[in-house]
Amino acid sequence: MTTQPLLTETEAVFRAPVPEDGPAVWKLVENTPGLDSNSIYYYTLWFRDFADGSLIATVDGEVVGFLTGYRRPDEPETYFVWQTAVNPRHGIPFLGVKLFQAAADQQVAQGARYVEATVSAENKAILMVLKQFAKKHSARIETRVLFPSSLFPDSHHDEVLYRIGPLTAG
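Parameters and conventions
Residues numbered from 1 in each chain as written. Predicted model: local features only at pLDDT ≥ 70, side-chain atom pairs only at ≥ 80, totals over all residues. Heavy atoms only, no water. Helix = DSSP H or I, 4+ residues; strand = E, 2+ residues; numbered from the N terminus. Buried < 20%, exposed > 50% of the residue type's maximum accessible area, 1.4 Å probe, protein only. Core = buried A, V, L, I, M, F, W, Y, C linked by side-chain atoms within 4.5 Å. Contact = heavy atoms within 4.5 Å. Expected span 1.5 Å × (residues − 1). Arc of directions from axis to C-beta. Salt bridge = Lys/Arg side-chain N within 4 Å of Asp/Glu carboxyl O. Axes fitted to C-alpha atoms, helices over the stretch in contact; angles between N-to-C directions. Parallel < 35°, antiparallel > 145°, perpendicular 65-115°, else oblique. Left-handed = near helix turned anticlockwise from the far one by under 90°. 1 Å grid on protein atoms, 1.4 Å probe; cavity = no way out; pocket = protein on both sides within 12 Å on 5 of 7 lines; lining within 4 Å. Points joined across faces, edges and corners; volume = space filled by probe spheres on them. Nonpolar A, V, L, I, M, F, W, Y, C, P; charged D, E, K, R; others polar.

Caption draft 1: Molecular detail of the side chain of Gln 107. Topologically, Gln 107 is positioned in helix H3 (residues 95-109). A relative accessible area of 2% places Gln 107 in the buried class.

Written out as structure tokens, the structure reads:
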């Protein structure tokens, strides 16, 4: 009788990004429907200047997810999540949720009291992530249109701001 090896869930490793991650993240964005595309240079520069608010998820050294964010200069207690994506090919359950929570919790531990993100009403996945995060922290979510669609060309949606807080570490 032969025994089958037990399948173990693949774990992603979260780490701070480095400029060399720029091309892999750009490719991930290009392959993720619905995300606004930026240049490779943008991600490379972002990971030089704003690495402290961003995270990379890797499996066996391969970039499988990322999150870019920063502390707002005019409101240092506010952490703004700019963009996030994961490669579903790796099949890691809730990787996007885990990535968001790890980045936001890291910022809260460093003194952030609010987490913000702009989200399209059609993006049900990130809305679920924001609601779960707020519930975990027993925090309110306030919403308002940050930038109306009229500011953008073509048929861009309103950018609705979701503000979660106040938050406390612990």
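Caption draft 2: The arrangement of the nonpolar core in detail. Membership of the largest hydrophobic core comes to 31 residues, with the highest contact counts inside it found for Phe 100, Val 115 and Leu 130. When contributions to this core are tallied by element, the ones reaching two or more residues are strand E2 (55-59), strand E3 (62-72), strand E4 (75-86), H3, strand E5 (114-119), helix H4 (124-136) and strand E7 (159-165). Here this core takes 7 residues from H3, the largest share from any one element. Not counting the four nearest positions on each side in its chain, Val 115 is found in contact with Tyr 79, Val 81, Phe 100, Ala 104, Phe 133, Tyr 162, Arg 163, Ile 164 and Leu 167.

Caption draft 3: Expanded view of H4. For H4, spanning 13 residues, the distance from its first C-alpha to its last is 18 Å, which sits close to the expected 18 Å at 1.5 Å a residue. Within H4 the residues assigned to the buried category are Ile 126, Leu 127, Val 129, Leu 130, Phe 133 and Ala 134. Taken around the axis of H4, the buried residues stretch over an arc of 160°, which confines them to a single face. More than 90 degrees from the buried face of H4, the exposed residues found are Lys 124, Ala 125, Lys 131 and Lys 135. Its buried side turned inward, H4 meets E4, H3, E5, strand E6 (140-147) and E7. Just past H4, the residue Ser 138 takes up positive phi, approximately 50°.

Caption draft 4: Region of the structure containing the pattern of salt bridges. Tallying each qualifying case throughout the model produces 9 salt bridges. Within this structure, Arg 72, Asp 74, Glu 75, Glu 116 and Arg 163 form a network of salt bridges that share partners.

Caption draft 5: Highlighting the packing of H3 against H4. Where H3 meets H4, the closest approach of the two axes is 10 Å, and the angle between their N-to-C directions is 45°. Judged by the angle between their axes, H3 and H4 are oblique. The two elements H3 and H4 meet at a crossing, and its hand is right-handed. Note on element contacts: H4 touches H3 through Met 128, Val 129, Leu 130, Gln 132, Phe 133 and Lys 136, opposite Val 97, Phe 100, Gln 101, Ala 104 and Asp 105.

Caption draft 6: Main features of the layout of surface pockets. There is about 1100 Å³ of room inside the largest pocket. Sorting the residues of the lining of the largest pocket by element identifies E3, E4, H3, E5, H4, E6 and E7 as the ones contributing at least two each. The element contributing the most residues to the lining of the largest pocket is E4, with 8 residues. By residue class, the composition of the lining of the largest pocket is 21 nonpolar, 11 polar and 8 charged.

Caption draft 7: Focus on the packing of helix H1 (residues 22-30) against helix H2 (residues 40-49). Remark: H1 packs on H2, axes separated minimally by 8 Å, with the N-to-C direction vectors making an angle of 130°. Regarding the angle of H1 to H2, the classification is oblique. In this structure, H1 meets H2 at a crossing whose hand is right-handed. Contacts between H1 and H2 involve Gly 22, Pro 23, Val 25, Trp 26 and Val 29 from the first element and Ile 40, Tyr 43, Thr 44 and Phe 47 from the second. A class-by-class count of the residues in the contact of H1 with H2 yields 7 nonpolar, 2 polar and no charged.

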